[in-house]
Structures are given as structure tokens and as C-alpha cells.
Amino acid sequence: DAGVTQSPTHLIKTRGQQVTLRCSPKSGHDTVSWYQQALGQGPQFIFQYYEEEERQRGNFPDRFSGHQFPNYSSELNVNALLLGDSALYLCASSLGDRTPDTQYFGPGTRLTVL
Amino acid sequence: AQSVTQLGSHVSVSEGALVLLRCNYSSSVPPYLFWYVQYPNQGLQLLLKYTSAATLVKGINGFEAEFKKSETSFHLTKPSAHMSDAAEYFCAVSGTSYGKLTFGQGTILTVHP
């Protein structure tokens, strides 16, 4: 049984560029949440997708957007990259009809903005 | 709104010694509480969770945590540290908001031989 998978593992971009990160949830899960973990910090909630809709959003600017596909996989898009966007981006999956269900995390995507 | 405070950004113990990692929470609704562990360059692995059942929760790898409502605490303990326990540990709280997790700043555990 595959757990949560994320791609790519690492990514290097320059300021002003756009980036797309991808996540496949654990088998049987229908909800995907995204978190940003800056170096030396705890993860911070970006947003959550359920039934292809953004259900909840954290305190992040509109440059951060997402999408969920019918197979429950998800993308995180960040536009107009800033140096401060450099972080580990974590995807977590869970069952949306249980509140709150345990979230299972993927290995993350390390984004470096130069 | 929820928040988590982890007391001590670094904790160092000897192999075989007691591990105690402190977590205090604030929540406007009955909380669900979690401890996750993160090894270098990896994602988060769930150690244990409290979801309003038994106040003493047992997790993987010999860890346990006790929910104390009066103290708003959820400290993580392990009777005997092992070298493989060296990692960063995060306490997190969730309310009824679809499971959004609010994390503490993390505690790095170092285990000395």
C-alpha cells in the first residue's frame, strides 16, 4: 500500500518564476492538505482540498494556489516566487468525512529560490 | 483558534535515560493532539494521537503521552532513550476545522552514547 508521494524531491527556481508541486494521497484518502516548513520552523498550513474544492485556507497570499483532481491527487502552484518561499513543502492526506482524521505526510519537496 | 508551545528547542539525553518533551496547547474547542517525528530530510511520521478517549496514549517505538486538560499539556515521554530516537519532534493540535493542524516550533532530541 503506497503512502503519500510527492514530486519532485528537490527544485531550484529563481525569483519571479512559477512552480508546480505534485502530491498523490495515500490509497483510500480523499483529502489533501499542504504545509510549508521553513528551515528551523514547524510546518504551517497553506490550504486543504476536498472534493476538488479548496475547503480551508491558511494565512498565505493568493500567489499560492492549488488544485485537486478527480483521482484525489493535488497540485500546489506558487507564482512570482520570492526568496522567502524557499522551504520544504509537505503534502498530507486524510479522510475528509472524519473530523479531524489523522493526516499522513509525504516526504516533501524541497524548494530553493535563488 | 489553536496554538502550540513546545518548551525547549533542544533536548539532550544519554542513551537509556528518560525522554521528556514538553507541549502545551491552547484551543477554543476540545482539542485533538498529535505528536509527529521528523528525521533529517524526511517528512513527518505520526507517533501518537489523542482524540478524547483515554488520556494516556501509547504510540510507536515505546513513546507515550498524557493529556492533562487542567494543565493544557500533552507531554511526550519514553522511559529509555535509544540512539535511533534522535530526530526532531513536533506537537500539533487540531480542532473541528476539517483537521487543519497547527504545529509547535519543534524540539530537536539528541541522544548521547
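Below is a summary of the structure that appears in this document. A quick note: this is a predicted structure, and the numbers were derived from the prediction, not measured.

Along chain A, the regular secondary structure elements total zero helices and eleven strands. In chain A, the succession of α and β elements from N to C terminus is β-β-β-β-β-β-β-β-β-β-β. Taken over the C-alpha trace, chain A has a radius of gyration of 13 Å; the compact-globule value for 114 residues is 13 Å, and the two agree within 12%. Sequence-distant contacts, at least 24 apart, represent 53% of the contacts inside chain A between residues at least 6 apart. Working note: accessible area of chain A is about 5300 Å², and carbon and sulfur atoms make up 47% of it. Counting 9 positive and 11 negative side-chain charges, chain A places the centres of these two groups 11 Å from one another.

So, about the pattern of salt bridges. Residue and element names in this part refer to chain A. In this structure the tally under the stated criterion is five salt bridges over all chains. The residue Glu75 makes a salt bridge to Arg22 at a minimum N-O spacing of 3.4 Å. Here Glu75 is found in strand 8 (residues 74-78), whereas its partner Arg22 is found in strand 3 (residues 19-24), with 53 residues between them in sequence. The class of Arg22 is partly exposed, set by a relative accessible area of 41%. Glu54 is paired through a salt bridge with Arg57; the nearest N and O atoms lie 3.1 Å apart. Overall, Arg57 belongs to the partly exposed group, its relative accessible area being 27%.

Across the contact, 22 residues belong to chain B and 20 residues belong to chain A. For the pair chain B and chain A, the summed buried area comes to about 1800 Å², and 55% of that belongs to carbon and sulfur atoms. Applying the counting criterion to the chain B and chain A interface returns zero salt bridges. Counting across the chain B and chain A interface gives five residue pairs in polar contact (both at pLDDT 80 or more).

This part covers the state of the cysteines. Across all of its chains, the model carries two disulfides over all chains by this definition. A sulfur-sulfur distance of 1.7 Å marks the disulfide that ties Cys23(A) to Cys91(A). Between Cys23(A) and Cys91(A) the disulfide shows an S-S torsion of about -55°. By sign, it is left-handed. With Cys23(A) in strand 3 and Cys91(A) in strand 9 (residues 87-94), this residue pair connects regions lying 68 residues apart in the sequence. Just as Cys23(A) is buried, Cys91(A) falls in that class too. The disulfide partner of Cys23(B) is Cys91(B), and the S-S distance across this bridge is 2.0 Å. Here Cys23(B) and Cys91(B) share a disulfide; its torsion about the S-S bond, -60°, makes the bridge left-handed. Remark: Cys91(B) occurs in strand 9 (residues 87-94) and Cys23(B) occurs in strand 3 (residues 19-27); sequence separation between them is 68 residues. On the accessibility criterion, Cys91(B) (0% relative accessible area) is buried.

Calculation criteria
- Residues numbered from 1 in each chain as written.
- Chains lettered and ligands numbered in written order.
- Predicted model: local features only at pLDDT ≥ 70, side-chain atom pairs only at ≥ 80, totals over all residues.
- Heavy atoms only, no water.
- Helix = DSSP H or I, 4+ residues; strand = E, 2+ residues; numbered from the N terminus.
- Rg over C-alpha atoms; globule rule 2.2 N^0.38 Å.
- Contact = heavy atoms within 4.5 Å.
- Areas by Shrake-Rupley, 256 points an atom, 1.4 Å probe, with all protein chains shown as cover.
- Lys, Arg positive; Asp, Glu negative; His and termini not counted.
- Charge placed at Lys NZ, Arg CZ, Asp CG, Glu CD.
- Salt bridge = Lys/Arg side-chain N within 4 Å of Asp/Glu carboxyl O.
- Buried < 20%, exposed > 50% of the residue type's maximum accessible area, 1.4 Å probe, protein only.
- Buried area = accessible area lost by both parts, 1.4 Å probe.
- Polar contact = N/O pair within 3.5 Å; in protein donor to acceptor, adjacent residues only side chain to side chain.
- Disulfide = S-S within 2.5 Å.

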